[in-house]
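# Reading the structure
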Amino acid sequence: MTKFKEIKANTYEDMSNEAATIIFDALKESKQFSLGLATGSTPEGMYDALAKKINEANLDLSELTTFNLDEYVGLDESNDQSYHYFMEQHFFSKLDIPQENIHILDGVAEDLQKEVEDYEALIDEVGIDIQVLGIGRNGHIAFNEPGTDFNSLTHKVQLTDETIEDNSRFFESIDDVPTEAVSMGLQTIMKAKTIILLISGDNKKNARDLFISGEVTEDIPVSILHNHDNVILITDSAARGE
Ligand code: GLP
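Bear in mind that the values here come from a model prediction, so they are computed numbers and not experimental data.

Procedures and definitions
Residues numbered from 1 in each chain as written. Predicted model: local features only at pLDDT ≥ 70, side-chain atom pairs only at ≥ 80, totals over all residues. Heavy atoms only, no water. Helix = DSSP H or I, 4+ residues; strand = E, 2+ residues; numbered from the N terminus. Rg over C-alpha atoms; globule rule 2.2 N^0.38 Å. Buried < 20%, exposed > 50% of the residue type's maximum accessible area, 1.4 Å probe, protein only. Areas by Shrake-Rupley, 256 points an atom, 1.4 Å probe, with all protein chains shown as cover. Lys, Arg positive; Asp, Glu negative; His and termini not counted. Charge placed at Lys NZ, Arg CZ, Asp CG, Glu CD. Axes fitted to C-alpha atoms, helices over the stretch in contact; angles between N-to-C directions. Parallel < 35°, antiparallel > 145°, perpendicular 65-115°, else oblique. Left-handed = near helix turned anticlockwise from the far one by under 90°. Contact = heavy atoms within 4.5 Å. Pairing = 2+ DSSP bridges. Near = heavy atom within 4 Å. Polar contact = N/O pair within 3.5 Å; in protein donor to acceptor, adjacent residues only side chain to side chain. Nonpolar A, V, L, I, M, F, W, Y, C, P; charged D, E, K, R; others polar. Salt bridge = Lys/Arg side-chain N within 4 Å of Asp/Glu carboxyl O. Phe/Tyr/Trp six-rings, centres within 6.5 Å; stacked < 30°, edge-to-face > 60°.

Let's shift gears to the overall build of the protein chain. Assigned secondary structure in the protein chain consists of seven helices and ten strands. Against the compact-globule benchmark of 18 Å for 242 residues, the protein chain has a radius of gyration of 17 Å, which places it among compact chains. With respect to the three principal axes, the spread of C-alpha positions in the protein chain is 45 × 45 × 35 Å. Taken over 242 residues, the protein chain has a buried fraction of 56%. A total accessible area of about 10,900 Å² is found for the protein chain, and carbon and sulfur atoms account for 42% of it. The protein chain carries 18 positive and 47 negative side-chain charges, and their two centres are separated by 9 Å.

Below you can see the structure in the form of structure tokens.
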């Protein structure tokens, strides 16, 4: 029943390189490409490796489009905890992607409902060729927490205490962590042609176990990926408990 493929990398660096290579090879193949991107500490190494490969090869990114998974509500792009800021720092500042092709949900939009609807419509129009995902300890993907409807589209979400606590390591105090976010929904993520799921570190062993158990339930958001035909899971040995 398991359709996904697992690449068992050794170190975090190996995992990052595996992911960067898959994306780089796809970008080389087709100039007009749409890439779904994730934030968090997990993909940082992948961004470094990918930017390096792209620059070494002098790849033309003029027809690359990107869509990020999510953003905190209430943080604007100048806030160093916003996902806008993260992406600029770790990836976009190193590359030449036309600004108008970069899409990240606006967490300070006046009309958040319109913002999420427009975002979903744009994804429907452009499509996503490869979507990169990290995972939360509780099996969340993007900001889709346990219990999220498998049919969900881009939407506003309430973060769980566990996620707020996990993400507080990046903030001065836990009280500074936003309690809401805007996020692609589970159904939005499923629209991507290929999905790369990165799981790294011993604190994510449980999340990998939840996924590979094969149980498909809304209590484990990542488990929806078992209904997708083209998922590549890339793990490091720590995430596998080795
Ligand atoms: C946040 C993000 C997720 C990410 C998760 C894990 O909640 N919204 O997209 O996968 O954190 O982050 P990390 O890789 O830092 O453990």
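Turning next to the packing of helix 1 (residues 12-29) against helix 2 (residues 44-57). Between helix 1 and helix 2, the shortest axis-to-axis distance is 8 Å and the interhelical angle comes to 45 degrees. Here helix 2 runs oblique to helix 1, going by the angle between their axes. Crossing of helix 1 over helix 2 shows right-handed handedness. When helix 1 is examined against helix 2, the residues Tyr12, Ser16, Asn17, Ala19, Ala20, Thr21, Ile23, Phe24 and Leu27 are found in contact with a partner set consisting of Glu44, Gly45, Met46, Ala49, Leu50, Lys53, Ile54 and Ala57.

Burial along strand 6 (residues 130-133) is two-sided: Ile130 and Val132 and Gln131 and Leu133, pointing in opposite directions, are all buried. In terms of strand pairing, strand 2 (residues 33-37) meets strand 6 through two bridges, oriented parallel. Of the residues in strand 6, the one forming a bridge with Gly36 is Gln131.

Lining the immediate environment of the ligand, one finds 13 residues, of which Ser41, Thr42, Asp70, His140 and Lys204 sit closest. One of the side-chain N or O atoms of His140 is found 2.9 Å from an oxygen atom in the ligand. Classifying every residue of the shell around the ligand by side-chain character gives four nonpolar, six polar and three charged.

Counting buried positions along strand 3 (residues 64-68) gives five out of five residues, so the element sits mostly inside the fold. In terms of strand pairing, strand 2 meets strand 3 through five bridges, oriented parallel. Each residue of the ladder has a partner; that of Leu37, found in strand 3, is Asn68. Where strand 3 and strand 5 (residues 102-103) come together, two bridges link them in parallel fashion. Residue pairing for strand 5: Thr66 is matched across the bridge by Ile102.

Position of Thr188 relative to the elements: it lies in helix 6 (residues 186-190). Side chain to side chain, Thr188 and Glu120 meet in a polar contact 2.8 Å long.

Before going further, it helps to examine the sheet that holds strand 8 (residues 180-183). The strand order 4-8-7 describes an open sheet built from three strands, whose pairing is antiparallel. In the strand order of this sheet, the two ends are held by strand 4 (70-72) and strand 7 (155-158), each with one partner. Strand-to-strand twist of the sheet, defined as the mean angle between neighbouring strand axes without regard to direction, takes the value 25 degrees. The sheet contact formed by strand 7 and strand 8 spans four bridges and is antiparallel. Its bridge partner being in strand 8, His155 is matched across the sheet by Ser183.

As enumerated under the stated definition, the model contains 15 salt bridges in all. With a shortest N-O distance of 2.9 Å, Lys193 and Asp129 are connected by a salt bridge. Of the two residues, Lys193 is situated in the loop between helix 6 and strand 9 (194-199) and Asp129 in the loop between helix 4 (112-126) and strand 6; the sequence distance between them amounts to 64 residues. Its relative accessible area of 18% is what places Asp129 among the buried residues. Between Asp209 and Lys205 there is a salt bridge, with its nearest N and O atoms 2.9 Å apart. With a gap of four residues between them, Asp209 and Lys205 both fall in helix 7 (residues 205-212), about one helical turn apart.

A few words on the packing of aromatic side chains. For any pair of aromatic rings, geometry is given as the distance between the ring centres together with the angle between the planes. A full pass over the atoms with the stated rule returns nine aromatic pairs. Arranged with centres 5.9 Å apart and planes meeting at 50 degrees, the rings of Phe91 and Phe92 form a pair that is tilted. Three or more aromatic residues joined by ring pairs form one cluster here, namely Tyr47, Phe86, Phe91 and Phe92.

Our focus in this paragraph is the environment of Ala19. Within the secondary structure layout, Ala19 lies in helix 1. For Ala19, a relative accessible area of 0% gives the class buried. Between the alpha carbons of Ala19 and Leu197 there is a distance of 9.1 Å; along the sequence they are 178 residues apart. In this structure Ala19 touches Met46, Ile196, Leu198 and Ile234, once residues within four positions along its chain are discounted.

None of this, on its own, says anything about what the molecule does.
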